[in-house]
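As a plain string of letters, each chain reads:
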Amino acid sequence: MAEVVAGEERADVNTMENATANAMAYLQDEKTDSDLVPALNLGELDLTTDEFILDEVDIHIQANLEDDLVKEALKTGVDLRQYSKQVETELQRIEQASIKDYIKESQNIASLHNQITACDSILERMEEMLSNFQSDLSSISSEIQTLQQQSVSMNMRLKNRQAVRSQLSQLVDELVVPGTMISVILDSPVTEQEFMEQLHELNNKINFAKELSFRETLACSDIQDIVDRLKIKAVTKIREFILQKIYSFRKPMTNYQIPQNNLLKYRFFYQFLLANERSVAKEIRDEYVDTMSKIYYSYFKSYSSRLLKVQYEDVADKDDLMGVEDTAKKGFFSKPSLKSRNTIFTVGQRGAVLSPAELEGPILIPHTAQRGDVRYPYETLFRSQHFALLDNGCREFLFLSDFFMVTGNSALDLFNCIMGKTLGMFLKNISTYVSDCYDSIAVFLCIHIILRFKTITTKRTIPALDKYWEAVLELLWPRFELILEMNIQSIRNTDPQKLGVLDTRPHYITRRYAEFSSAIVSINQTFPNERTNTLLAQLQVEVENFVLKMAAEFPSRKDQLIFLINNYDMMLSVLMERAADDSKEVEGFQQLLLARTQEFIEEILSPPFGGMIAFVKESEALMERGQLDRLKNDEARITQLIRGFSSSWKQSVEAMSQDVMRSFTNFKNGTSIIQGALTQLIQYYHGFHKALSQPTFRSLAVRSELINLHHLMVEVKKHKPNF
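Owing to the predicted nature of the structure, the values given are computational and were not obtained by experimental measurement. (Residues numbered from 1 in each chain as written. Predicted model: local features only at pLDDT ≥ 70, side-chain atom pairs only at ≥ 80, totals over all residues. Heavy atoms only, no water.)

Glancing now at unusual backbone geometry. The backbone of Met 405 shows a phi angle near 55 degrees, a positive value even though the residue is not glycine. Inspection of the secondary structure puts Met 405 in the loop between helix H14 (378–403) and helix H15 (408–435). The phi dihedral of Thr 461 is positive, around 55 degrees, even though this residue is not glycine. Topologically, Thr 461 is positioned in the loop between helix H16 (440–459) and helix H17 (466–492). On the accessibility criterion, Thr 461 (63% relative accessible area) is exposed. (Helix = DSSP H or I, 4+ residues; strand = E, 2+ residues; numbered from the N terminus. Buried < 20%, exposed > 50% of the residue type's maximum accessible area, 1.4 Å probe, protein only.)

Structure follows, in structure tokens:
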């Protein structure tokens, strides 16, 4: 190590000596050169050349003169030659000083040179290292790219293997038949929950095996035999269970709805049979249809026959019509008529069967009614029978749709297979009843019961009974129209002379009409029917004609009007109890009553006050034409009218009031007629005053005997009856 250091020191000394020797030689060369005057090559400035161009010389001289130093020298008048030498001397001095500085800093310069050389070697080594590193990086990049490609490839293989594994795992799981399934299907009762769960699994395996068989999968054949055996065992157990449930419906005094509802818990059993053994599913469905058809038919046949035993014994016949007189005689062998024919045309409490509480109330229990000796009209029995049908029909339709998984026309066809025989029996019974029925209110109530039940099934979205409702209405509507037409014809054919003693009180035929019309109108308001309105209008016309024919039998017009007013008032009162105030029937009789009442008022005022009324009407007509002077000579007539009215008006009014109250059965109507008559009397007397106040009669002395109009009104009010 010491030798190396000594070597380096000797190299540095030699280097410094060489640098000093070189510097001294350079200075000697400079000194030698300064002693010699070399030949100058002035180039373009050489004035001795033949190629010199004076113009260019002028340009250069002009440029040199513009130099700052030259301008300064020219100003001071310095000798340019001397100044040039001085400049050269200064330059030499500066050069010598620079050389000395370089010699002085030679060691530093040499050291700097060595350092630069060392740095170059270091940088060279670093360049080599970086080149190697760059080559290494390029190789690493290629390795990374290779690894990335391998990773992508491995990832793809992994995904493919996972996909294959999931499918194979699912396939294996679906193919494997566990021992638990075998033991449960073979040994457990069908009512156990685990049997239901394993049956679902078995159904899935059967479907999966079918799917694999379509794909021709070889593994399917390994489990096919086991699956088929389990399917046969499950079908056998399910068949026995469901048939046993269906047979339990047939036991006497059994509420079939309880086991029927229990069957809904096992609706998957039928679904399993339908998917895997259609012949067994058809056998079960046929057995159920046959059983339930017989049960419903037997139940409703028995119930209907028992209901008929609690029906009213007194029913209307063909002679119980509106226009038939109460005094009509029957033959010796004819059956006795109703005790009171008027009850046929009165709805009474029968209309309550259409109220919501009664319409959907509990059905009648026949043996309870028989034990209590209670009787019911036909429409009540009809309501109970059909509400039982509606309730059972809706429940059965929902059960069929749920358990047997049928919808639309298939559900309707299955329902008709079960209920068709029962519905046919119902239609036959109704047809038998209506063919001999003459109780129009009962038929009309049955029609509206059906209309309301039809609305209920529509709200429940049960279309199973729609055709049956229409068939019933097709039986009831024609019969109702026929009975109504028979009543219309009976009124049309009525002979007033055969109806017994004439009486101004309301006639029993008009009372029948009023009760019947009010009943039909009140019921028809909820479900308006144009056919009903048309028949009622025809009936009303015939009744009006009948009243006019009866009134014509009275000899005096006054009795005729009393008869008309009493009948119109009675019919209007009965109608307004049930029908709306704006119904056609009410409005028609109101107009007739008003017209006949006004005519009657004129009729009762005519005997006591006819002379005054005639004078008032005559004078008013003449005043309109301006010919009142034609009565100027009737002083005697006027005097008689004034004195006659003054002396007898009180007695006449009293007699008129008593006569009116005796003539009309309705006190309220009689009171209104008296009030109308007195009001009309005041108006006539006011017209009498007005006529006598004209210039034509002002000179009459008898005018002073006229009763004061205000006083007359006060006195008349005393005669108004108060009821």
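There's more to say after this.
We now examine the environment of Val 443. In this structure, Val 443 sits in helix H16. In this structure Val 443 comes out as buried when scored by relative accessible area, which is 1%. With residues up to four places along the chain from it excluded, the contact list for Val 443 reads Cys 437, Leu 476, Phe 480 and Ile 483. (Contact = heavy atoms within 4.5 Å.)

Ranked by size, the top nonpolar core spans 172 residues in total, and within it Leu 202, Phe 269, Leu 476 and Phe 688 carry the most contacts. Here the element with the most residues in this core is helix H21 (residues 584–625); it accounts for 13 residues. When residues no more than four places from it in sequence are discounted, the contact partners of Leu 202 are Met 181, Ile 185, Val 227, Leu 230, Lys 231, Ala 234 and Phe 272. One finds Tyr 303, Leu 307, Ala 369 and Leu 381 within the second-largest nonpolar core, a separate group that totals six residues. (Core = buried A, V, L, I, M, F, W, Y, C linked by side-chain atoms within 4.5 Å.)

With their axes 11 Å apart at the nearest point, helix H18 (residues 508–524) and helix H19 (residues 530–551) run at an angle of 160 degrees to one another. By the angle between their axes, H18 is roughly antiparallel relative to H19. Classified by chirality, the crossing of H19 by H18 is left-handed. Counted together, Ile 509, Thr 510, Tyr 513, Phe 516, Ile 520, Val 521 and Asn 524 of H18 and Thr 532, Asn 533, Leu 536, Leu 539, Gln 540, Val 543, Phe 546 and Val 547 of H19 form the full contact between these two elements. Residues belonging to the contact of H18 with H19 are distributed by class as follows: ten nonpolar, five polar and no charged. (Axes fitted to C-alpha atoms, helices over the stretch in contact; angles between N-to-C directions. Parallel < 35°, antiparallel > 145°, perpendicular 65-115°, else oblique. Left-handed = near helix turned anticlockwise from the far one by under 90°. Nonpolar A, V, L, I, M, F, W, Y, C, P; charged D, E, K, R; others polar.)

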